[in-house]
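# Remarks on the overall topology
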Amino acid sequence: MDSSPKPSLFVPDPETARGSRIPDYETLYAASVADPESFWGNLAKELHFTKAPRKILDWNPKTFEGRWLVGAEGNICDNALDRHVRDGFGNKVALIWAGDGGEEELFTYGRLLDQTVRFAHILKKLGVGKGDRVTIFLPPTPGQVIAMLACARLGAIHSVVFSGFSQAALRSRLEDFEPKVLVTADCAYRRGKRIPLLETARAARKGLTSVEATVVVPREGPPESLEPGERSLTDLQTEVRFAGPLPSVPVTCDDPLFVLYTSGTTGKPKGVVHVQLGYMLGTYATARTIFDLRDSDVYFCVADPGWITGHSYIVYGPLLNRATVLLSEGTPEYPDAGRHWSLIERHRVSVYYSTPTTIRLQMRFGDSWPAGRDLSPHRSLGSVGEPLNPEAWHWLHRVTGGKLPIMDTWWQTETGMIMVTPLPSTPEKPGSAGRPFPGVVADVVDSSGHTLPSGETGTVVIRTPWPSMFRTVFRDPERYRKYWTEIPGAFFSGDSARRDEDGFFFFLGRVDDVIKVAGHRLGTAEIESALITHPKVAEAAAIGKPDELRGEIIKVFVVLHPHAADTPPAHDEIRKHVRTELGGIAEPHEVDIVISLPKTRSGKIMRRVLKAREMGLPEGDLSTLED
Ligand code: PRX
């Protein structure tokens, strides 16, 4: 192990900094917040609209609705694909797909556009038009990207559901979203194991009347038999073979692009709604300047398009920038611990956007995996999803040559785009996500919304609107309002942080009942709701317990029904039950069967007491404890 003292400040190479797209952060930041409409408006000019915006921002402080690019008409698919083909880049590689089993496939911008048009024809044939809803339940494959872009092209609204979710989790999302069409695959592969996706989809949609058709994309091959309402993509492709061009449908600043379900503090995931044009501007601008994407780059983001990181920084942001994107289906340890390093070397990746858990896992596997690889094209690194601890920062920095900037990017499903981050030109402090992106007014406040002095820990809020802000919570406008009324007039992120004397943010974790397990966002209430559907469980509480590798792990406490006391369920049975209800990412790591749970007099479970006990910390104010 390297025991030399670790620098607390990394200063980028001056030449790289000068050549980057934001060479002087301080000046640009000051100008951007003094006149955000000019800052964002100038960036919008780099995109294509069939009708130019009349006004850059229309902010309603009463409804907290931020309408960006008012009066404009355009389409994000047109900007992500057609625009580059029109500009003569149809032969540039858009997508490199690396499958779980070592398969690879390349898509140029021309081919990706062609496939997207064909898929859009299919959706149209199935009755999908502007404003219609489509759920996409696919593994991270080109088909998933194509389905998303095809929806966007038609002005339809997609909702991508992570392919690792269980039948019950998919069903609850289908029930809320009520899609007209469901797109799924015969199967998925993970660590060489076949996962029967179609069976999950079938069980999930049983009895749901909204779904008029299910498109089955072959991952392995066309399914052997289809049920009523199911159509094989292969057959549908034959039917639209000669359908010809299908121009993208121009949409306005209020038209949704997608609904992505994410965990909150209640048992039910919320559908975060993003609109096409504003989201396009935010993801375009951030992908462009933070990763400083160039035509010569190969960009690899390790997320799954089923999460917001994949939406914004595998699909939309990079394609809007005409990048070459590497999409990997696998996990970082399959077929071996060198998976990412070999993909990076083989495809000459120059920008690698990863996660703290992945980096810590690679660190555990050891230096020998990156050592000896030619990582010379590498220009920058990124991280997202949870705090990147200094040890992991230093390790990644060292094994990639000790010169590359690491963008520890902080943002959320709701923000749609990166909000706080270093830039290739700014200094970095390991453990810090740097300062706000230009145009973003992020603050650390106390419970009444007053800005805290440096060094003090508080809640992170965003004080002014930003282009890719979410527009509402699907079917739940009250839940949207809550984000803006907790701290009046500012967006409440649910995260805590402190800022140092230079204005650098150090994120510490969530202040609400949301936990982050290996970067996956889960609500404690969601896990508890799943637990109490077990016939033997009467009450349950879930907490996030700090973990060196995954940031947090899930620990649950359950109280059994009196009738179950003599035959308590095995811990494994409880864990499996949650897995079945929610999916593998929500499976508890530790289970305790207890006699009772600490509660307030009004009956609310005091999770903070459980957590303090678990960690051997003071239990704090117990005056509201019932017993
Ligand atoms: O707690 C923060 C954490 O991830 C949360 C958002 O989760 P989600 O909506 O699933 O989006 C994840 C990918 C954008 C935040 O509230 N988080 C995200 N990035 C960071 C982070 N925490 C610390 N540092 C980060 N860079």
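### Side note on the site of the ligand
Surveying the vicinity of the ligand reveals 17 residues, the closest of which are Thr409, Thr413, Asp495, Arg510 and Arg521. A distance of 2.8 Å separates an oxygen atom of the ligand from a polar side-chain atom of Gln412. In the environment of the ligand, an oxygen atom lies 2.5 Å from a nitrogen or oxygen atom belonging to the side chain of Thr413. Computed on the free molecule, the ligand has an accessible area of 540 Å², of which 95% lies beneath the protein chains in the complex. Among the elements of the structure, helix H11 (308-320), strand E18 (406-409) and strand E25 (505-510) are those that each provide at least two residues to the shell around the ligand.

### Examining the pattern of salt bridges
What the rule picks out here adds up to 56 salt bridges. Across the pair Lys545 and Glu614 runs a salt bridge, and its minimum N-O distance is 3.0 Å. With Lys545 in strand E28 (residues 537-547) and Glu614 in helix H18 (residues 607-615), this pair connects stretches of sequence that are 69 residues apart. For Glu614, a relative accessible area of 24% corresponds to the partly exposed category. As a salt-bridge pair, Lys555 and Glu614 come within 3.2 Å of each other at their nearest N and O atoms. One end of the pair, Lys555, is in strand E29 (residues 551-560); the other, Glu614, is in helix H18, and 59 residues separate them in sequence. Lys555 sits in the buried class, given a relative accessible area of 5%. What emerges from the salt-bridge pattern is a single network uniting Arg21, Asp292, Arg294, Asp297 and Arg379.

### Some points on the packing of helix H5 (residues 109-125) against helix H6 (residues 142-154)
It is the contact of H5 with H6, at a shortest axis distance of 8 Å, that shows an interaxial angle of 65 degrees. Between H5 and H6, the angle is such that the two are roughly perpendicular. Classified by chirality, the crossing of H6 by H5 is right-handed. On the side of H5, the interface is formed by Leu112, Leu113, Gln115, Thr116, Val117, Phe119, Ala120, Leu123 and Lys124, while H6 contributes Ile146, Ala147, Leu149, Ala150, Cys151, Arg153 and Leu154. Classifying every residue of the contact of H5 with H6 by side-chain character gives 12 nonpolar, 2 polar and 2 charged.

### Considerations on the sheet that holds E28
Within the open sheet, the 3 strands sit side by side as E28-E29-E30. Their pairing is mixed. The sheet is open, and its two edges are formed by E28 and strand E30 (590-594), each paired on a single side. Shown here is a sheet whose adjacent strand axes are inclined to one another by a mean of 25 degrees, direction ignored. Strand direction decides the pairing type here: E29 and E30, joined by 5 bridges, are parallel.

### Concerning unusual backbone geometry
The omega torsion of the bond from Tyr334 to Pro335 falls at 0 degrees, within 30 degrees of zero and hence cis. For Arg322, which is not glycine, the phi torsion reads 60 degrees and is therefore positive. Tracing the sequence through the fold places Arg322 in the loop between H11 and strand E15 (324-328). Its identity as a non-glycine residue notwithstanding, Arg348 has a phi of 50 degrees, on the positive side. Examined against the element boundaries, Arg348 turns out to sit in the loop between helix H12 (339-346) and strand E16 (351-354).

### Some words on the sheet that holds strand E22 (residues 457-462)
Sheet strands pair via backbone hydrogen bonds, and the direction of the pair is either parallel or antiparallel. Taken in spatial order, the 4 strands make up an open sheet running E21-E22-E24-E25, and their pairing is antiparallel. Of all the strands in the sheet, the pair left with one neighbour each is strand E21 (442-445) and E25. With strand direction ignored, the average angle separating the axes of adjacent strands in the sheet is 45 degrees. Pairing analysis gives 5 bridges linking strand E24 (residues 491-499) to E25, with the strands arranged antiparallel. Bridged to Ser496 within E25 is Gly509.

Conventions used here
- Residue positions within a chain follow its written sequence, with the count starting from 1.
- Under the rules for a predicted model, residues below a pLDDT of 70 receive no local features and side-chain atom pairs below 80 are neither given nor counted, while totals for whole chains, interfaces and linings still include all residues.
- Note that the side-chain values use all heavy atoms of the structure and ignore hydrogens as well as water.
- We call a residue near a molecule or strand when any one of its heavy atoms sits within 4 Å of it.
- Distance and chemistry together define a polar contact, namely a pair of N or O atoms within 3.5 Å, with one atom able to donate a hydrogen and the other to accept it when in protein, and with adjacent residues in sequence counting only for side-chain atoms on both sides.
- Residue burial considers only the protein chains on display, and all accessible areas are found by Shrake-Rupley using a 1.4 Å probe.
- Only DSSP runs of H or I with at least four residues qualify as helices, and only runs of E with at least two residues qualify as strands; both kinds are numbered from the N terminus onward.
- Any Lys or Arg side-chain nitrogen found within 4 Å of a carboxyl oxygen on Asp or Glu counts as a salt bridge.
- Burial classification: accessible surface area is computed with a 1.4 Å probe over protein chains only, and a residue below 20% of its type maximum counts as buried, one above 50% as exposed, and the rest as partly exposed.
- With axes taken as lines fitted to C-alpha atoms, and helix axes fitted only over the stretch in contact, angles between N-to-C directions fall between 0 and 180 degrees.
- Small angles under 35 degrees read as roughly parallel and large ones over 145 as roughly antiparallel, with 65 to 115 read as roughly perpendicular and the rest as oblique.
- Crossing handedness: left-handed means the near helix sits turned counterclockwise from the far one by under a right angle, and right-handed means the same turn made clockwise.
- Residue contacts are counted whenever heavy atoms from the two residues lie within 4.5 Å of one another.
- Throughout, the ten residues Ala, Val, Leu, Ile, Met, Phe, Trp, Tyr, Cys and Pro are labelled nonpolar, Asp, Glu, Lys and Arg are labelled charged, and all others, Gly among them, are labelled polar.
- Between any two strands, at least two bridges found by DSSP are needed for them to pair.

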